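The primary structure of each chain is shown beneath.
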Amino acid sequence: EKNTTLILGLTWTLILHYELGLAGSHDELLDWVRGCISHYPYPIAVSSSRAAWTKDFADGRILITLLHAML
């Protein structure tokens, strides 16, 4: 149905589910995200707080960059 919000939400839920088990904490997962997207030429900030999950990921740029890094 091309519901991008639902697709992005499902993708991020899968990342959280599988990666939190490996990373162990939200802070470690945020560090992992920062490491994955750090080499991109445009700056994308990921804050160090739990607010990052709602504030920093709200527009989808981090998620798209992270998915691109995994390809």
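Here, the structure is the one placed above.
Read on for a plain summary of the structure.

**Thoughts on the overall build of the protein chain**
Within the protein chain one finds three helices and zero strands. Tracing the protein chain from N to C terminus, the helices and strands come up as α-α-α. A burial count over the protein chain gives 28% of its 71 residues as buried. Expressed as a percentage of contacts within the protein chain between residues at least 6 apart in sequence, the contacts between residues at least 24 apart total 45%. Summing over all exposed atoms, the protein chain offers an accessible surface of approximately 5000 Å²; the carbon and sulfur share of this is 63%.

**A short note on the nonpolar core**
For soluble globular proteins, the rule of thumb is that nonpolar side chains tend to be buried together. Residues W12, V33, I37, V46, F57, I62 and L66 are the most contacted members of the largest nonpolar core, which totals 15 residues. Taken together, the elements giving at least two residues each to this core come down to α1 (4-23), α2 (26-37) and α3 (61-70). Top contributing element to this core by residue count: α2, with five residues. Excluding its chain neighbours within four sequence positions, the residues that come into contact with L66 are W12, I15, W32, V33, C36 and I37.

**Brief notes about the pattern of salt bridges**
Taken as a whole, this structure holds one salt bridge when the rule is applied. Two residues, R34 and D31, come together in a salt bridge whose shortest N-O distance is 2.4 Å. In this pair, R34 and D31 both sit in helix α2, three residues apart, roughly one turn of the helix. Note on R34: relative accessible area 24%, which makes it partly exposed. The class for D31 is partly exposed, based on a relative accessible area of 47%.

The rules we used
Residues numbered from 1 in each chain as written. Predicted model: local features only at pLDDT ≥ 70, side-chain atom pairs only at ≥ 80, totals over all residues. Heavy atoms only, no water. Helix = DSSP H or I, 4+ residues; strand = E, 2+ residues; numbered from the N terminus. Buried < 20%, exposed > 50% of the residue type's maximum accessible area, 1.4 Å probe, protein only. Contact = heavy atoms within 4.5 Å. Areas by Shrake-Rupley, 256 points an atom, 1.4 Å probe, with all protein chains shown as cover. Core = buried A, V, L, I, M, F, W, Y, C linked by side-chain atoms within 4.5 Å. Salt bridge = Lys/Arg side-chain N within 4 Å of Asp/Glu carboxyl O.

It is worth stressing that arrangement in space is one thing and function is another; only the former is reported here.
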